[in-house]
Amino acid sequence: MAASIREKQTAALKRMLNFNTPPLKNTTAEPVWKVLIYDRFGQDIISPLLSVKELRDMGITLHLLLHSDRDPIPDVPAIYFVMPTEENIDRICQDLRNQLYESYYLNFISAISRSKLEDIASAALAANAVNQVTKVFDQYLNFITLEDDMFVLCNQNKEQISYHAINKPDIMDTDMEVIMDTIVDSLFCFFVTLGAVPIIRCPRGNAAEMVAVKLDKKLRENLRDARNSLFTGDTMGAGQFSFQRPLFVLADRNLDLATPLHHTWTYQALIHDVLDFHLNRVTLEESLGSEAGARPKKKTKKSYDLTAADRFWQKHKGSPFPEVAESVQEELDKYRAQEDEVKRLKSIMGLEGEDEGAISMLSDNTAKLTSAVSSLPELLEKKRLIDLHTNVATAVLDHIKSRKLDVYFEYEEKLMSKSTLDKSLLDIITDPDAGTPEDKMRLFLIFYITAQQPPSEGDLEQYKKALIDAGCDLSPLNYIKQWKAFTKMATTPANYGNSGVKPMGLFSRVMNTGSQFVMEGVKNLVLKQHNLPVTRILDNLMDMKSNPETDDYRYFDPKMLRGSESSIPRNKNPFQEAIVFVVGGGNYIEYQNLVDYTKAKQGKRVMYGCSELFSAAQFMKQLSQLGQK
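Each residue is numbered by its place in its chain's sequence as written, counting from 1. Local features in a predicted model are, by the rule used here, given only for residues with pLDDT of at least 70; side-chain atom pairs are given and counted only at 80 or more, and totals for whole chains, interfaces and linings are based on all residues. Just so you know, side-chain values use all the structure's heavy atoms and leave hydrogens and water out.

A. Seen up close, a negative patch on the surface. Every patch collects residues that have over 30% relative accessible area and no salt bridge, joining them within 9 Å if they carry like charges and within 5 Å if they are nonpolar side chains (Val, Leu, Ile, Met, Phe, Trp, Tyr). Reported accessibility uses the Shrake-Rupley method at a 1.4 Å probe radius. Residues are deemed covered only where the shown protein chains occlude them. Think of a salt bridge as a Lys or Arg side-chain nitrogen and an Asp or Glu carboxyl oxygen that are within 4 Å of each other. Charged residues are defined narrowly, with Lys and Arg counted positive, Asp and Glu counted negative, and His plus the chain ends left uncounted. Where a charge sits is defined by one atom per residue type, namely NZ (Lys), CZ (Arg), CG (Asp) or CD (Glu). A surface patch of like charges, here negative, comprises Glu86, Glu87, Asp90 and Asp119. Considering every element that reaches the negative patch, the biggest residue donor is helix α4 (residues 86-97), with 3 residues. By definition, any uninterrupted DSSP run of H or I lasting at least four residues is a helix, any uninterrupted run of E lasting at least two residues is a strand, and each is numbered from the N terminus. Positionally, glutamate 86 belongs in helix α4. Burial classification: accessible surface area is computed with a 1.4 Å probe over protein chains only, and a residue below 20% of its type maximum counts as buried, one above 50% as exposed, and the rest as partly exposed. For glutamate 86, a relative accessible area of 52% corresponds to the exposed category.

Set out below in structure tokens:
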């Protein structure tokens, strides 16, 4: 199995932290102690991939933000990992003048321009610090990897490349160029890190096409300059990829606006929808102290990292929520059994106290106890993860119950798969107990987007009145109306496949009394596999299927240095590897849908990327800003 993008980016970071030489395996030598200086961009790239402990193992004693007040540490090398922006460069020059560190290893997240390099050089000369600037590197790491097969472009100034920014009615061409260049710069970094030149496919006439044209040009220019090309030589020869090149599908968010608004039912997507989940860290408010009749509870914020090392998370992040609740409960029961075992062993031997002397006298039980004691750290780590998922799942469940999210999910699935509906939309909108105004608005927008015929004026007024009575903000609807009128001219509406859900009756197993999760009244829905529009497009292009939806997609091959689009020989074989990238933002629902699709296909690998990752609430905000113009 070729290395995943997460492994490749992590390896690149480790190499950088080792002064840009590959870290040596199994050396007992102490690492060189050093300081890491990053900006917010660097922080976002490193934090999902390396923990503080891993940084410490690599010899990083201190990690500081570039623009914080830093004291001089004269005898320590400093590794900088920052974007090549004006203010960052100014600050680096200031550090050189103030002689903060012993030596400087400057790593730029994305390529630095000639003129800025000259600024650093002249500052180093003026500060008499030329010998201290040991290395300057372009790292080409300007993207954030969140999963083995998922990445986003940026997090800091994501509003600059958001759906809202790309689709503003009054956008200037120059602004659009800047947005496209930002996206292309990150995608270029992604392919350099991946070590592969893709074949690019995209639809015509939208932002995705602009990105494709620019990316093709940038890759081509880099390949043409053979001496300095980033895609030749040692990085490529190591057979990181199968002989086949990956397919890169650029999709535009406008091809499917219903999915980002959809209420979901799988664990990871639910966490992203209802909790504060950001760069793999979820933040919960937990209430403390609840003495009867005492002061109101104090809320504290607690954050948990959901990482690749967390086996439960890796296994269940794509499972339907009821399964997750059951599994957490099972893990908890298993853990309790083990915990009792340790206690039991100790009590047999009268070791509840600290009397270590008694242990050595008993040979027969020693072996048993040793195994119990040696597994303690492991048990404690297990306990930490179980507690984490118990807390997170309970928080999600509270939202499901208080907002009737199971009802929304089931109803929206029916709308999207055009199945028969068992109750009217007005009933849900007017039901005061069902969800927040935002939930109602999301449901109505999905109804409006997926409807074959838009509702008549009279009906629409009735819906609008009900929505306003429920406290909804109608500005997203204004935008969706324009969007729908515009798309109608351009293309047929997206088809969501025959998804559908099977209700399995209410929860039975989880309802036993010892359970942490009281699931009364929540529907136990099971998903049927179906492909969302993005997945369907990928499937057509990956397997070279002929389909009116994708036959018109443009084809770019940056390796062909000559020839126009029509004359280049096309790849006829199905692709084994593909990357899908959504310009204008993506979500965990599509990611999960692609993961499920890939599981069913032997030997294929698919990655998902997007210009930003938004939850439905964040997307609604952008739609309402567009609707107010």
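B. Structural context of the sheet that holds strand β6 (residues 144-147). Paired strands, as defined in this entry, are two strands with at least two bridges between them according to DSSP. In space, the 7 strands of this open sheet follow the order β6-β7-β17-β16-β9-β8-β15, with mixed pairing throughout. Across the chains shown, the open sheet's two edge strands, defined by having one partner strand only, are β6 and β15 (554-556). Between one strand axis and the next, the sheet turns through 20° on average, direction left out of account. As paired strands, strand β9 (residues 247-252) and strand β16 (residues 577-583) are joined by 6 bridges and run parallel to one another. Along β16, the bridge assignment pairs phenylalanine 248 with isoleucine 579. Each axis is a line fitted through C-alpha atoms, taken for helices only over the stretch in contact, and angles between the N-to-C directions span 0 to 180 degrees.

C. Main features of the side chain of asparagine 280. Tracing the sequence through the fold places asparagine 280 in the loop between β10 (276-278) and β11 (281-288). Classification of asparagine 280 by relative accessible area gives buried; the value is 6%. What qualifies as a polar contact is a pair of N or O atoms within 3.5 Å, subject to a donor-acceptor requirement within protein and to the restriction that residues adjacent in sequence count only when both atoms come from side chains. Looking at asparagine 280, its side chain comes within polar contact range of the main-chain oxygen of leucine 146, at 2.9 Å. Only heavy atoms enter the contact rule, under which two residues are in contact if any of them lie within 4.5 Å. Discounting chain neighbours no more than four positions away, the residues touching asparagine 280 are Pro48, Leu146, Glu147, Tyr304, Asp305, Leu306 and Tyr588.

D. Expanded view of the packing of aromatic side chains. Pairing of aromatic rings covers Phe, Tyr and Trp, the last counted by its six-membered ring, and requires centre-to-centre distances within 6.5 Å; plane angles under 30 degrees mean stacked, over 60 mean edge-to-face, and any other angle means tilted. Here the structure, examined in full by the defined rule, presents 26 aromatic pairs. For the ring pair phenylalanine 19 and tyrosine 105, a centre distance of 4.4 Å and an interplane angle of 35° mean the geometry is tilted. You can see phenylalanine 19 sitting in the loop between α1 (5-17) and β1 (34-38) and its partner tyrosine 105 sitting in strand β4 (residues 101-108), a full 86 residues away along the chain. Look at phenylalanine 19 and you get buried, because its relative accessible area is 13%. Taking relative accessible area as the criterion, tyrosine 105 reaches 13% and is therefore assigned buried. Between tyrosine 101 and tyrosine 104, the aromatic rings sit 6.1 Å apart at their centres with planes inclined by 70°, giving edge-to-face as the arrangement. One aromatic cluster is present, built from ring pairs that chain together Tyr267, Phe277, Trp313, Phe321, Tyr588, Tyr591 and Tyr608. The side chain of lysine 34 reaches across the aromatic face of phenylalanine 19, ending 5.0 Å from its centre. One cation-aromatic arrangement involves lysine 218 over phenylalanine 188; the distance from NZ or CZ to the ring centre is 5.2 Å. Two conditions define a charge located above a ring, namely a distance within 6 Å from the ring centre to NZ of Lys or CZ of Arg, and an angle within 35 degrees of the ring normal.

E. Representation of unusual backbone geometry within the structure. Of note in this structure, lysine 404 is not a glycine but carries a positive phi near 50°. With respect to the secondary-structure elements, lysine 404 resides in the loop between α15 (376-403) and α16 (405-416). One non-glycine residue, methionine 544, lies in positive phi territory at about 55°. Note on placement: methionine 544 falls in the loop between α21 (533-542) and β15.

F. Seen up close, the sheet that holds strand β3 (residues 73-82). Read across the sheet, 5 strands follow the order β2-β1-β3-β4-β5 without closing on themselves; strand pairing throughout is parallel. At either end of the open sheet lies a strand with only one pairing partner, and these are β2 (60-65) and β5 (133-138). Strand-to-strand twist in this sheet, taken as the mean axis angle between neighbours without regard to direction, amounts to 20°. Sheet topology note: the β1/β2 ladder contains 5 bridges and is parallel. From the neighbouring strand, tyrosine 38 faces β2, where its bridge partner is leucine 65. Across the sheet, α4 touches β3, β4 and β5, and the angle it forms with β4 is around 165°.

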